[in-house]
Amino acid sequence: MNIEIRVNTIEEAYTLMEFQVNIIAVGNENCVYKVPKYDEIRDLVNEARNNNKKIRVVFPKTPNIHFDNMLELLEKIANLDVLVTINDYGLMFRAKDIKLKNGFAIGRVLAFSLLTSSPWYDLLVEGENQEIKKALATSNMDSTYKLDFVKTLGANEIEIEYLKEVCENTERIIEKTFKVSAHYESCLVGYSRCCPVKKMLKEETSTCAEEIACSEPYYIEFKEKFNTIPVQNKKNNYNSMTHYVEDELVKKIFTPLMVVGNGLYKKNENNNFEYKNVSTMIINSVFYDDKEHLENVFELLKIKKEISECSIVKKQIG
Amino acid sequence: MIVKAPVNSLRSAELQCKYGAKEIYLGLRSDKLNRLSFSGRGSIKVDKKGSNSNIESGEELNKIISHCHEKGVSVALAANCPSLPDAMKDGYEEYINEVIELGVDSIIVGDLASLILVRKIIPKDFYVTASVFMESYNIGVVQMLKHLGANEVYIPHHLKYDEIEKICDEGLNIGVFANYGCSFSNGRCGLIHRWGEEIDMGIPCRAKFDISSKNGSIKDAYPILDFGLDCCLCTIKKLMDFNIHSLKLIDRATPVEQVLPFTKVYSTAIKMFQEGKNLDEIKAMAFKTVPWWENQFCATKNCRYMDNCYSSYYI
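Going along each chain's sequence as written, the residues are numbered from 1 onward. A letter from A marks each chain and a number from 1 marks each ligand, given out in the order of writing. Only residues with pLDDT of 70 or above have their local features reported here, since the model is predicted, and side-chain atom pairs are shown and tallied only from 80 upward, although totals for entire chains, interfaces and linings are computed over all residues.

Enquirer: If you had to explain the overall build of chain B to someone new, which residues and values would you point to?
Expert: Runs of H or I in DSSP of at least four residues are treated as helices and runs of E of at least two as strands, each being numbered from the N terminus. A tally of helices and strands in chain B yields 10 helices and 10 strands. The globule rule is 2.2 Å times the number of residues to the power 0.38, and the radius of gyration it is compared with is taken over C-alpha atoms. Against the compact-globule benchmark of 20 Å for 315 residues, chain B has a radius of gyration of 19 Å, which places it among compact chains. Projected onto its principal axes, the C-alpha coordinates of chain B cover approximately 55 × 50 × 45 Å. With C-beta atoms placed from the backbone, a residue is labelled by how many other C-beta atoms lie within 10 Å of its own: buried for 20 or more, exposed for 12 or fewer, partly exposed between the two. Counting all 315 residues of chain B, 57% fall into the buried class. The long-range fraction of contacts in chain B, counting pairs at least 24 apart against all pairs at least 6 apart in sequence, stands at 64%. In this description, a residue-residue contact is defined by the distance between C-beta atoms placed from the backbone, which must lie within 7 Å.

Set out below in C-alpha cells:
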C-alpha cells in the first residue's frame with residue numbers, strides 16, 4: 001500500500017520530500033487556481049525522482065472558461081512520469097486522445113456514493129431494504145457499464161472514501177483491474193463552482209491566481225434553517241417569502257462540516273479498520289494543523305500498511 | 001424555446017398545460033424502492049390533495065400522457081437517479097420499460113451508467129436528455145454525452161453567457177434552468193433534501209451557519225454556502241439567440257400552485273420576445289402577474305447566467 005499526501009501548494013510539496021510517503025500530490029480536486037503550471041510540475045518531478053517519490057497531479061472539475069488551459073496542461077504532462085487524477089468528465093473524455101503515460105485515476109468528485117457524500121445518509125435510506133442500502137453505500141463506479149467505458153478512456157484507478165461499507169464493495173472495480181485508492185480522513189460532501197471562502201472574505205476569485213486564500217478549513221455549524229416560499233393564496237398575498245427559522249431537530253442532524261475553498265467536507269471518523277485491497281491511502285495536509293499531526297498519521301498508516309502486507313502474505317501462504 | 005414544467009399529478013399536468021408549458025416532466029413510483037425513486041427526487045407527499053412528488057401509478061401516468069398529447073405537450077420521464085450501481089440496474093431497466101410502453105416521449109438520465117443502459121434498451125431514435133446531474137460544465141462533457149447518445153443536455157446553474165454559447169456550438173439541444181436552483185453542483189451535492197426524508201431540512205445550502213477556524217470564531221449566523229440563483233427573465237432573449245431548446249422549471253416536490261406563476265411568466269415572456277416586445281414590457285408583465293417578483297428577485301440580483309450577486313465568487 002502506498003501513502004499519498006495531497007498538498008495545497010507546490011512550495012509545500014518540496015517541504016515533504018523527507019517524509020516517508022510514496023506519492024506527493026499537487027493540484028486540487030475542486031479548484032483550478034490550485035493547479036500548478038507545467039514548469040513547476042516538471043521541476044517537482046525531477047526533485048521527487050531524486051528522493052525516490054512519485055508526483056501526482058490532481059485536475060479539478062473544470063468550468064468551460066478554464067477548460068482549454070486544463071486540457072493544455074494535461075497534454076503537456078502526458079509524457080512526464082507523473083500520476084494523474086481527473087475529477088471532470090470533460091477532461092476525462094478528452095484524455096482518451098492524449099494517452100497519458102501512466103493512465104489516470106478517477107477522483108472522488110466523480111466517484112462517490114450517497115453514504116460518503118450525505119451528512120444524513122441514514123435519514124435518506126430509512127425504510128429501504130438492505131439490498132438498496134448496500135447499493136447506495138457503494139461507489140457510483142460500481143457499474144459494469146461505467147467501468148467498461150472509463151477503461152476505454154484510459155482510467156486505471158478509482159478513488160473511494162475510506163469507509164467500511166464502501167471498501168467492502170469494491171470487488172467489481174478490482175475485478176475490472178482498476179486500482180483502488182482511498183481518502184483517509186475526509187469525505188467530500190459537495191462541489192460548488194462558487195467559492196464560499198471568497199464570499200465570506202468578500203473577495204473576488206480573480207485574486208486567486210496570485211494568492212491562495214483557502215489554505216485551511218473553515219468549520220461550519222448549522223444555525224438557522226432556510227424555509228421556502230409559502231403557497232400563494234387567491235388574493236396573491238404573501239406575508240413573508242423565504243425566511244430563516246431555528247430548528248433543533250435539523251441542528252442535531254446537520255453535523256458540523258468543513259469548507260475548504262469551493263469544496264464542502266465532512267470528517268471521516270469511521271476509518272479505524274484494516275482493508276487490504278486499497279493500493280493507495282490518501283491524506284490531505286490541509287486538514288492537519290502542523291507537521292507533527294501529519295507525522296502521527298503517517299505512522300498510523302505505516303502500521304496499517306504492515307498489517308495489510310502481512311495479511312496478503314498470509315493469504316498467499318495459506 | 002419552450003417551457004418544461006414539473007408535474008406531480010393529473011391535476012398539475014392539466015394546470016401546467018393550461019398555463020403554457022410545452023413539455024412536462026415527471027417521475028413514477030417504483031415498487032422496488034420505498035421513499036427513494038429512480039427519478040431525481042424521492043417520493044414525498046406534496047400537498048393536502050394527496051399528490052406525491054412521483055406519480056403513484058401507471059394508470060395515472062397514462063391519463064397524464066393522454067391529456068398532454070391531446071394538448072400538444074410532450075412528456076418526459078425523469079429517470080435521473082444520480083447513481084446507478086449494478087445492484088439497482090434490473091429495477092431501473094424495469095422502470096424504463098414500463099414507461100416506454102405507456103408512451104412517454106423522452107427519458108431524462110442522470111448518470112453515465114443510466115445513459116449507456118438506456119441507449120442499449122430503447123429504440124435508436126428515442127429522445128434522451130442528460131440531466132443537470134451530469135455536471136456539464138464544459139464542452140468536453142457535452143462531447144462525451146453526445147458520443148454516448150444523448151440528444152439534449154441540461155447545463156449547470158452557475159455558467160456564464162460565453163460558456164453557454166460555446167456549449168451550444170456542440171450540436172446537441174441545450175436546456176437551462178429558469179427559476180430557483182442549487183448552490184452546489186447538482187449531481188455532486190450531498191446536502192440532499194426532499195428525497196423522502198421525514199424531517200423537513202429546509203434548503204440546506206441556504207441555511208445560516210456559525211463559522212470558525214482553528215483560531216476561533218469568525219462569523220455567526222452567515223449563509224456561507226448560499227449561491228442560489230432564482231430568475232432568468234432578463235437573459236431569455238440572449239438564450240433564445242443561442243438557440244437554447246428549453247427553460248426548465250423546478251420542482252416536482254412543490255405544490256403546483258407555487259410553480260404555476262413561473263410557468264405563466266416564462267411562457268408569456270418567450271411569446272412576447274418572439275413578437276418583438278422589449279425587456280421592459282416583459283418585466284412589467286412579470287411584475288403584474290407576480291407582485292412579489294421584483295422585490296424577491298430583481299432587488300437581490302439573484303440573476304442567472306449574467307453578472308449577479310455571486311458571479312464574482314465563480315471559480
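Enquirer: Help me get a handle on the overall build of chain A, residues and values and all.
Expert: On a plain count of helices and strands, chain A comes out with 13 helices and 13 strands. Computed over C-alpha atoms, the radius of gyration of chain A comes to 21 Å, within 12% of the 20 Å expected from 2.2 N^0.38 for 318 residues, which places it in the range of a compact globule. The principal-axis extent of the C-alpha atoms belonging to chain A is close to 75 × 50 × 40 Å. Looking at chain A as a whole, 49% of its 318 residues are labelled buried. Sequence separation of at least 24 residues holds for 68% of the intrachain contacts in chain A that already meet a minimum separation of 6.

Enquirer: Talk me through the sheet that holds strand β7 (residues 179-183) of chain A; I want residue IDs and the actual numbers.
Expert: In a beta sheet, neighbouring strands pair by backbone hydrogen bonds and run either parallel or antiparallel. Residue and element names in this part refer to chain A. Any two strands with at least two DSSP bridges between them are considered paired. One closed barrel holds the eight strands; their spatial order is β1-β2-β3-β4-β5-β6-β7-β13, and the pairing between them is parallel. Sheet twist, expressed as the average angle between the axes of neighbouring strands with direction ignored, equals 30°. Here helix α2 (residues 38-50) sits on the sheet in contact with β2 (23-27) and β3 (54-59), set at roughly 150° to β3. Helix-sheet contacts for helix α4 (residues 89-98) involve β3, β4 (83-86) and β5 (104-106), and the interaxial angle to β4 is about 135°. Lines fitted to C-alpha atoms define the axes here, with helix axes fitted over just the stretch in contact, and angles between the N-to-C directions of these axes take values from 0 to 180 degrees.

Enquirer: Break down the packing of helix α8 (residues 256-274) of chain B against helix α9 (residues 279-289) of chain B for me, with residues and values.
Expert: All names here are of chain B. Where α8 meets α9, the axes come as close as 10 Å, and the angle between the chain directions of the two elements is 160°. One finds that α8 runs roughly antiparallel with respect to α9. The way α8 lies across α9 gives a crossing that is right-handed. Here P261, K264, V265, T268, A269, M272 and F273 of α8 lie close against α9, whose contacting residues are E281, I282, M285, A286 and T289. Under this grouping Gly is polar, as are all residues other than the nonpolar Ala, Val, Leu, Ile, Met, Phe, Trp, Tyr, Cys and Pro and the charged Asp, Glu, Lys and Arg. Across the contact of α8 with α9, the residue classes tally to eight nonpolar, two polar and two charged. An angle below 35 degrees is read as roughly parallel, one above 145 as roughly antiparallel, one from 65 to 115 as roughly perpendicular, and any other as oblique. Note on convention: near helix rotated counterclockwise from far helix by under a right angle means a left-handed crossing. Clockwise means right-handed.

Enquirer: So what's going on with the sheet that holds strand β3 (residues 74-79) of chain B? Residues and values would help.
Expert: Residues and elements named next belong to chain B. Spatial strand order, β1-β2-β3-β4-β5-β6-β7-β10: eight strands in a closed barrel with parallel pairing. The mean inter-strand angle of the sheet, taken between neighbouring strand axes irrespective of direction, is 25°. In terms of strand pairing, strand β1 (residues 2-6) meets strand β10 (residues 246-248) through three bridges, oriented parallel. If you follow I2 over to β10, its bridge partner there is S246.

Enquirer: Please set out the interface of chain A and chain B residue by residue, giving values where relevant.
Expert: Each side of the interface is counted separately: chain A has 75 residues, and chain B has 72 residues. With 10 residues, the top contributor of residues to the side of chain A that touches chain B is strand β9 (residues 218-227) of chain A. Across the side of chain A that touches chain B, the residue classes tally to 38 nonpolar, 19 polar and 18 charged. Note: β9(A) against strand β8 (residues 208-213) of chain B, five bridges, orientation antiparallel. Paired with E224(A) across the bridge in β8(B) is K208(B).

Enquirer: So what about the domain arrangement of chain A? Which residues, and what values?
Expert: Reports of interface size often rely on the accessible area that becomes lost once the parts have come together. Domain assignment breaks chain A into domain 1 (2-220 + 257-317) and domain 2 (222-255). Domain delimitation follows an automatic or database domain assignment. Computed from C-alpha atoms alone, the centre-to-centre distance between domain 1 of chain A and domain 2 of chain A is 36 Å.

Enquirer: Just give me the short version of the pairing of β4(A), but keep the residues and values in it.
Expert: For a regular strand, side chains alternate in direction, first toward one face of the sheet and then toward the other. Residue and element names in this part refer to chain A. By the alternation rule, side chains of β4 split into L83 and T85 and V84 and I86, which are all buried. Note: β3 against β4, four bridges, orientation parallel. Pairing of F59 across the sheet is with I86, part of β4. When the strands point away from the viewer and the connection leading from the first strand across the helix to the second strand turns clockwise, the crossover is called right-handed. In the classification by handedness, the crossover that spans β3, the intervening helix α3 (residues 64-76) and the parallel β4 is right-handed. Here two bridges tie β4 to β5, and the two strands are oriented parallel to one another. Bridge assignment links T85 to a residue of β5, and that residue is A105.

Enquirer: I'd like a description of the nonpolar core, backed by residues and values.
Expert: Judged by nonpolar contacts, the single largest core of 201 residues is most densely connected at I106(A), I24(B) and V153(B). At eight residues, the largest contribution of residues to this core is made by α8(B). Residues in contact with I106(A), not counting those within four places in the same chain, are I86(A), M92(A), A111(A), M141(A), V150(A), A155(A), I158(A) and E159(A). For this entry, the nonpolar core is defined as buried Ala, Val, Leu, Ile, Met, Phe, Trp, Tyr and Cys residues connected by C-beta atoms within 7 Å.

Enquirer: Describe the environment of T280(A), listing the residues and the values that go with them.
Expert: Residue and element names in this part refer to chain A. Along the chain, the position of T280 falls in strand β13 (residues 280-284). For the pair T280 and I3, spaced 277 residues apart in sequence, the C-alpha to C-alpha distance is 5.6 Å. Ignoring anything within four residues of it in the chain, the contact list for T280 reads M1, N2, E4, I23 and S181.

Enquirer: A description of the pairing of strand β8 (residues 186-191) of chain A should follow, citing residues and the corresponding values.
Expert: All names here are of chain A. When you tally the buried positions in β8, you get six out of six residues, the bulk of the element. Pairing of β8 with strand β12 (residues 263-267) involves five bridges; the strand directions are antiparallel. Counted as the bridge partner of G190 is L264 from β12.

Enquirer: Kindly report on helix α4 (residues 112-121) of chain B, identifying the contributing residues and their values.
Expert: When α4(B) is considered as a whole, its buried residues turn out to be L112(B), A113(B), S114(B), L115(B), L117(B) and V118(B). Taken together, the buried residues of α4(B) touch α8 (144-153) of chain A together with β3, α3 (89-102), β4 (106-109) and β5 (127-130) of chain B.

Enquirer: Hey, could you go over unusual backbone geometry for me, with residue numbers and the actual values?
Expert: Residue and element names in this part refer to chain B. For the peptide bond that leads from I250 to D251, omega is -5°, which places it in the cis range. Tracing the chain through its elements places D251 in the loop between β10 and α8. The phi dihedral of R194 is positive, around 55°, even though this residue is not glycine. Among the secondary structure elements, R194 is positioned in the loop between β7 (173-177) and β8. If you check the backbone angles, N243 has positive phi at about 70° while not being a glycine.

Enquirer: Explain helix α5 (residues 139-147) of chain B to me, and be specific about the residues and the numbers.
Expert: Those residues of α5(B) that sit buried are I139(B), G140(B), V141(B), V142(B), M144(B) and L145(B). Along its buried surface, α5(B) packs onto α3 and α4 of chain A together with β5, β6 (152-154) and α6 (161-168) of chain B.

Enquirer: Give me the environment of Y288(A): which residues, what numbers.
Expert: Residues and elements named next belong to chain A. On the secondary structure map, Y288 appears in the loop between β13 and α13 (291-317). Judged by C-beta crowding, with 17 C-beta atoms within 10 Å, Y288 ranks as partly exposed. With 71 residues separating them in the primary sequence, Y288 and P217 have C-alpha atoms 9.3 Å apart. Look past the residues within four positions of Y288 in its chain and what remains in contact with it is H293 and L294.

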